[in-house]
Amino acid sequence: MSETGTAGRRRLVWVAAGAAVATEAALVHLGRTYGSTLAERRAWLPGDEVVLDPCVQTDHAITIDAPPSAVWPWLLQMGWGRAGWYSARWVDVLLFPANGPSADRIDPALQDVSVGTFIPDGPPGTGCGFTVEALEPGTALVLRSTSHLPRNMRDRARLDWTWAFVVRPKDGGRRTRFHFRSRWVTSPWWMTLGGRFLVVPADFVMARDMLRGVRTRAEGRG
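This write-up is about the structure you can find in this document. (Residues numbered from 1 in each chain as written. Predicted model: local features only at pLDDT ≥ 70, side-chain atom pairs only at ≥ 80, totals over all residues. Heavy atoms only, no water.)

**Points about the overall build of the protein**
Within the protein one finds five helices and six strands. Looking at the 222 residues of the protein, the share that counts as buried comes to 45%. Residue pairs in contact within the protein that sit at least 24 positions apart in sequence constitute 64% of those at least 6 positions apart. Summed over all atoms, the accessible surface of the protein reaches about 11700 Å², with 60% contributed by carbon and sulfur. (Helix = DSSP H or I, 4+ residues; strand = E, 2+ residues; numbered from the N terminus. Buried < 20%, exposed > 50% of the residue type's maximum accessible area, 1.4 Å probe, protein only. Contact = heavy atoms within 4.5 Å. Areas by Shrake-Rupley, 256 points an atom, 1.4 Å probe, with all protein chains shown as cover.)

Here is the structure:
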């Protein structure tokens, strides 16, 4: 092969590598910040005291054309085998085929949630799910999990994870600012690395669809 041809191939490799790095960096940024403002990312939220020094924090937010009272009931009924997580149906089919589609109505039977309530995130028997860590009615719901690992990994790795769902009135209470924050600590190093470069980019899609799913339902456009 000629020196010109070899140099051309090297340039292509470098260009492809640069594009891959840039794409990953953009997805990581979106996975950590989609929809949120700098002020929202810096704000202290309920649940932050549970994971004080997270390896990763993500913040996502959306404005909903409905009052907080129309948003809150949708949050209370989330969970596997409950109302779902309001993500896109193709995501459920691809990743959680045993779970049905997310609910498109408020179920009064699923509204009784309090501190200590277990919110499943997997089939019965897996033990995978969240516990309600904090609850400020009409304002904030904080979920915590240490179970989002396969059972055979739980003695070799650690994941302590919170989800905070916060709704605040906007425009005199006619609209809602919905803020979704996740914080987690992981070990060992390979869990932390996977979280940063695999889970965070995926969170861009998952969190974005969940935010939009809640908005659509709260605005009555489902």
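On we go.
**Here's the deal with the sheet that holds strand β5 (residues 158–170)**
Spatially, the six strands line up as an open sheet ordered β1-β6-β5-β4-β3-β2, and their pairing is antiparallel. At either end of the open sheet lies a strand with only one pairing partner, and these are β1 (56–64) and β2 (118–120). Along the sheet, successive strands turn relative to each other by an average axial angle of 20°, direction set aside. Here six bridges tie strand β4 (residues 140–145) to β5, and the two strands are oriented antiparallel to one another. In the strand pairing of β5, Arg144 is matched with Thr162. Each of β1, β3 (129–136), β4, β5 and β6 (175–187) touches helix α3 (residues 68–76); the most contacted strand, β5, lies at about 160° to it. (Pairing = 2+ DSSP bridges. Axes fitted to C-alpha atoms, helices over the stretch in contact; angles between N-to-C directions.)

**Comments concerning α3**
Along α3, seven of the nine residues are buried, which leaves the element largely enclosed by surrounding structure. Along α3, the residues classified as buried are Pro68, Val71, Trp72, Pro73, Trp74, Leu75 and Leu76.

**So, the packing of aromatic side chains**
In this structure the tally under the stated criterion is 11 aromatic pairs. Between Trp163 and Phe165, the aromatic rings sit 6.0 Å apart at their centres with planes inclined by 85°, giving edge-to-face as the arrangement. Judged by relative accessible area, which is 13%, Trp163 ranks as buried. Counting every residue linked through ring pairs, the aromatic cluster contains Trp85, Phe130, Trp161, Trp163, Phe165, Phe178 and Phe180. Across from the ring centre of Phe204, 5.0 Å away, lies the NZ or CZ of Arg208, which sits over that ring. (Phe/Tyr/Trp six-rings, centres within 6.5 Å; stacked < 30°, edge-to-face > 60°. Lys NZ or Arg CZ within 6 Å of the ring centre and 35° of its normal.)

**What about the pattern of salt bridges?**
For the structure on display, the rule yields 10 salt bridges. Glu133 is the salt-bridge partner of Arg144, the closest N and O atoms lying 3.8 Å from each other. Taken together, the residues span a long stretch of sequence, with Arg144 in strand β4 and Glu133 in strand β3 at a distance of 11 residues. (Salt bridge = Lys/Arg side-chain N within 4 Å of Asp/Glu carboxyl O.)

**Quick look at the pairing of β4**
Here β4 lies mainly inside the structure; five of its six residues are buried. Where β3 lies against β4, five bridges are found, and the strand directions are antiparallel. By the bridge assignment, Val132 is partnered in β4 with Leu143. Remark: three residues form the turn of the hairpin made by β3 and β4, two consecutive strands paired antiparallel; Gly138 in that turn has positive phi of roughly 80°.

On their own, these measurements won't tell you what the molecule is for.
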